[in-house]
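Single-letter residue listing:
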Amino acid sequence: PPPKVRATHPDCSVVLYFQEQEAECLEIIRSESQTSDPLRSPGQQGCPTEWDGVSCWSAVPVGQSRAVACPDIVVFKKSKALIWRNCTESGWSFPSPPYYNACELEAIGSNNDTEAKASYFVTMKVLYTCGYSTSLAALFLAIGIFSCFRKLHCTRNSIHIHFFTSFILRGAAVFIKDAVLFSDESIDHCTMSTVNCKAAIAFFQYSVLANFYWLLVEGMYLQTLLLLTFTSDKRYIWWYILIGWGVPMLTVCVWVVTRLQYDNYGCWDDYTSIYWWVIKAPILLAIFVNFLIFLNVTRMLAQKIRSPDISKNYKQQYMRLTKSTLLLIPLFGVHYVVFALFPEHIGVDARLYFELVLGSYQGFLVALLYCFLNGEVQAEIKRNWGKWQSSMESNVFNLATQDFTA
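- In the annotation of an unreviewed UniProt entry, the entry for the protein reads VIPR1 protein, and the organism field reads Aramus guarauna.
- Heading Subcellular location (unreviewed entry) of the UniProt record for the protein holds this comment: "Cell membrane".

Spelled out as structure tokens, the structure:
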């Protein structure tokens, strides 16, 4: 069956238009070859239906002509000119006038504009590659710190590790997507529809969802900690894991099945399809719930700080627990909500800058707030550094003593 022009990138609409026209023309040619063609009756010859790469020319008898208009797409200016072809005994004649004379192209920018645009995207890729590389290095170091020091093993830091892992997956997904979709410039990205590219896009969507839902878990954990001060938080860890990893997995599975059934076209990297809301709606829900948690935690924190029954040490503890999460919740969600209210083709440059360039450094920011600037982590590192220095000095003293006695 002929492919349908569905939700796709605007730059690919021209390619898909001609593919659809060609498929329809080839279907007519196949049907004519399978049925008796009156133009091919004995004693009479004619020109069969033909696709010339731009238009479909319907079959006519010898001596007659056929006329077509310029393709009705955005790259051609509106023109009433017609292109004619005659059916001769030797076949179809050449189009007259030629397409390049009859169908004038719209101005698409000079070579300088094209080069500037290419340079812009190259610069953008360099920036977000540096950002994700920095974030990955910081996140791996932060996970190593939380894992190596026994005193840092607790539910709070376990949630932080899962949150860091979601950022690692997101950075890895970006590099995998670039490698699969844009490593070979000879590939036609408008018609690319391989299992590898669809799997890369599905993995990328899962990592983005997991990112937002582990931020939601951070907010939920903070709220639970403030509400249930004397309740063990270990009993909730599996619920947090189910929300952080399970909900994104379920969402992506539903999205994949939906695309396979109803919109299995291209590489699934378009954001104008109605099925994109299968991914978009859960992200907006997570941001909305996190915003409510942000307001509630701020209210509870203000109450606890003003309460005369809480000591100064507890107030400082509450401040340490909340400052990182309260900073991240609006930081991660505001720009997404703003762009979600507009169509995908509005503010593309700003969207790319926020989601790719600034978004690539979010992992580094998270590692900085939750690990490197964490007073508990700094104290533990200093304590172990002091123990290591004392151990080294003791070893040097023992070696010196042995040499002297010897």
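There is more to say, and it comes next.
A short note on the overall build of the protein
Turning to step 1, where the next piece is worked out: Helix and strand content of the protein: eleven helices and seven strands.
Turning to step 2, where the next piece is worked out: Relative to its 406 residues, the protein shows a buried fraction of 37%.
Turning to step 3, where the next piece is worked out: Considering only intrachain contacts with a sequence separation of at least 6, the fraction spanning at least 24 residues in the protein is 68%.
Turning to step 4, where the next piece is worked out: When the accessible surface of the protein is split by element, carbon and sulfur atoms take 63% of a total near 23,600 Å².

Considerations on the state of the cysteines
Turning to step 1, where the next piece is worked out: Under the counting rule described, the total for this entry stands at four disulfides.
Turning to step 2, where the next piece is worked out: The disulfide partner of Cys 47 is Cys 87, and the S-S distance across this bridge is 2.0 Å. Disulfide Cys 47-Cys 87: torsion about the S-S bond near 100°, hence right-handed. Separated by 40 residues along the polypeptide, Cys 47 in strand β1 (residues 46-47) and Cys 87 in strand β6 (residues 82-88) bring together distant segments of the chain.
Turning to step 3, where the next piece is worked out: Classification of Cys 47 as buried rests on a relative accessible area of 2%.
Turning to step 4, where the next piece is worked out: Judged by its relative accessible area of 2%, Cys 87 is buried.
Turning to step 5, where the next piece is worked out: A sulfur-sulfur separation of 2.1 Å characterises the disulfide bridge that pairs Cys 197 with Cys 267. Within this pair, whereas Cys 197 is found in helix α5 (residues 195-227), its partner Cys 267 is found in the loop between α6 (237-262) and α7 (277-306), the two being separated by 70 residues in sequence.

Quick look at a nonpolar patch on the surface
Turning to step 1, where the next piece is worked out: Taken together, Leu 285, Phe 288, Phe 291, Leu 292 and Leu 295 make up a surface patch of nonpolar side chains, about 500 Å² in accessible area.
Turning to step 2, where the next piece is worked out: Relative to the helices and strands, Leu 285 is located in helix α7.

Section: the nonpolar core
Turning to step 1, where the next piece is worked out: Among the nonpolar cores identified, the biggest contains 63 residues, and Phe 163 and Phe 164 are the most heavily contacted of them.
Turning to step 2, where the next piece is worked out: Only α3 (111-148), α4 (155-182), α5, α6, α7 and α10 (362-372) provide two or more residues apiece to this core.
Turning to step 3, where the next piece is worked out: Per-element tally for this core: the top contributor is α5, with 17 residues.
Turning to step 4, where the next piece is worked out: Formed by eleven residues, the second largest nonpolar core is a distinct cluster that contains Val 60, Val 68, Trp 92 and Cys 103.

A short note on unusual backbone geometry
Turning to step 1, where the next piece is worked out: The residue after Ser 96, namely Pro 97, is reached through a cis peptide bond having omega -5°.
Turning to step 2, where the next piece is worked out: Mapping Pro 97 onto the fold places it in the loop between β7 (91-92) and α2 (99-102).

Some remarks on the UniProt feature "transmembrane region" (unreviewed entry) in the protein
Turning to step 1, where the next piece is worked out: The feature "transmembrane region" (unreviewed entry), as annotated in UniProt, sits at residues 126-147, 159-176, 212-230, 237-262, 274-297, 325-346 and 352-373 in this numbering.
Turning to step 2, where the next piece is worked out: Each end of residues 126-147 is marked by a C-alpha atom, and these two atoms are 32 Å apart; helix forms 100% of the span and strand 0%.
Turning to step 3, where the next piece is worked out: Between the end C-alpha atoms of residues 237-262 there is a gap of 37 Å, over a span that is 100% helix and 0% strand.

What about the pairing of β6?
Turning to step 1, where the next piece is worked out: Residues Ile 83, Arg 85 and Cys 87 line the buried face of β6, whereas the alternating positions Leu 82, Trp 84, Asn 86 and Thr 88 sit on a face that is not buried.
Turning to step 2, where the next piece is worked out: As paired strands, strand β5 (residues 65-69) and β6 are joined by five bridges and run antiparallel to one another. Bridge assignment links Ser 65 to a residue of β6, and that residue is Asn 86.
Turning to step 3, where the next piece is worked out: Here β6 runs beside β7; their pairing, made up of two bridges, is antiparallel. Looking at β7, one finds that Thr 88 is bridged to Gly 91.

Thoughts on the packing of α5 against α6
Turning to step 1, where the next piece is worked out: Viewed as axis vectors pointing N to C, α5 and α6 meet at an angle of 150°, and their least axial separation amounts to 8 Å. Taken together, the axes of α5 and α6 lie roughly antiparallel to each other. For the crossing formed where α5 meets α6, the hand is right-handed. Here α5 contributes Ile 201, Ala 202, Gln 205, Tyr 206, Leu 209, Ala 210, Tyr 213, Trp 214, Val 217, Met 220, Tyr 221 and Thr 224 to the contact with α6, which in turn contributes Tyr 240, Ile 241, Ile 243, Gly 244, Trp 245, Val 247, Pro 248, Met 249, Thr 251, Val 252, Trp 255 and Val 256.

Points about the environment of Ser 135
Turning to step 1, where the next piece is worked out: Among the secondary structure elements, Ser 135 is positioned in helix α3.
Turning to step 2, where the next piece is worked out: Separated by 33 residues in the primary sequence, Ser 135 and Ile 168 have C-alpha atoms spaced 8.0 Å apart.
Turning to step 3, where the next piece is worked out: Once residues within four sequence positions are removed from consideration, Ser 135 is found in contact with Ser 360, Tyr 361, Gln 362, Gly 363 and Phe 364.
Turning to step 4, where the next piece is worked out: Within polar-contact distance, the side chain of Ser 135 engages the backbone oxygen of Ser 360 at 2.6 Å.

Considerations on the sheet that holds β5
Turning to step 1, where the next piece is worked out: Strand order in the open sheet made by the three strands is β5-β6-β7, with antiparallel pairing throughout. In this open sheet, the two strands that pair with only one neighbour each are β5 and β7.

Notes on the environment of Val 54
Turning to step 1, where the next piece is worked out: Structurally, the position occupied by Val 54 is in the loop between β2 (50-51) and β3 (56-57).
Turning to step 2, where the next piece is worked out: Not counting the four nearest positions on each side in its chain, Val 54 is found in contact with Phe 18, Pro 71 and Tyr 99.

Thoughts on α6
Turning to step 1, where the next piece is worked out: In a regular helix each residue adds 1.5 Å, so 26 residues correspond to 38 Å; α6 covers 37 Å between its end C-alpha atoms and thus fits that length.
Turning to step 2, where the next piece is worked out: The principal kink in α6, of about 35°, is found at Gly 246, preceding the proline Pro 248 by one to four residues.
Turning to step 3, where the next piece is worked out: Taken together, the buried positions of α6 are Ile 237, Tyr 240, Ile 241, Ile 243, Gly 244, Trp 245, Pro 248, Thr 251, Val 252, Trp 255, Thr 258 and Arg 259.

Each value, and the rule that gives it
All residue numbers refer to position in the chain's written sequence, counted from 1. Two thresholds apply to this predicted model, a pLDDT of at least 70 for residue-level local features and 80 or more for giving and counting side-chain atom pairs, whereas whole-chain, interface and lining totals are computed over all residues. Note that the side-chain values use all heavy atoms of the structure and ignore hydrogens as well as water. UniProt positions are given in the numbering used here, feature names are shortened, and annotations may be inferred rather than shown by experiment. Every helix listed is a DSSP run of H or I at least four residues long, and every strand listed is a run of E at least two residues long, numbered separately from the N terminus. Exposure is judged per residue with a 1.4 Å probe applied to protein chains only, and the accessible area is read against the type maximum: over 50% gives exposed, under 20% gives buried, and values in between give partly exposed. Residues count as neighbours in contact if any of their non-hydrogen atoms are within 4.5 Å of one another. Per-residue accessibility takes into account occlusion by the displayed protein chains alone, with areas from the Shrake-Rupley method and a 1.4 Å probe. We call a pair of cysteine sulfur atoms a disulfide when they lie within 2.5 Å. In this analysis, a patch consists of residues with relative accessible area above 30% that form no salt bridge, clustered at 9 Å for like charges and at 5 Å for the nonpolar side chains Val, Leu, Ile, Met, Phe, Trp and Tyr. Any Lys or Arg side-chain nitrogen located within 4 Å of an Asp or Glu carboxyl oxygen qualifies as a salt bridge. In these notes, a set of buried Ala, Val, Leu, Ile, Met, Phe, Trp, Tyr and Cys residues joined through side-chain atoms within 4.5 Å is what counts as a nonpolar core. Should DSSP find at least two bridges between two strands, the strands are taken to pair. Think of each axis as a best-fit line through the C-alpha atoms, taken over the contacting stretch in the case of a helix, with angles from 0 to 180 degrees between the N-to-C directions. Working definition: roughly parallel below 35 degrees, roughly antiparallel above 145 degrees, roughly perpendicular at 65 to 115 degrees, and oblique for all remaining angles. Handedness of each helix crossing follows the sense of rotation of the near helix against the far helix: counterclockwise by less than a right angle gives left-handed, clockwise gives right-handed. For the purposes of these results, a polar contact is taken to be a pair of N or O atoms within 3.5 Å, where, inside protein, one atom must be able to donate a hydrogen and its partner to accept one; residues adjacent in sequence count only when each atom of the pair is a side-chain atom. Expected helix span is computed as 1.5 Å times (number of residues minus one). To obtain the bend at a residue, axes are fitted to the seven residues ending there and to the seven starting there, and the angle between these axes is taken.

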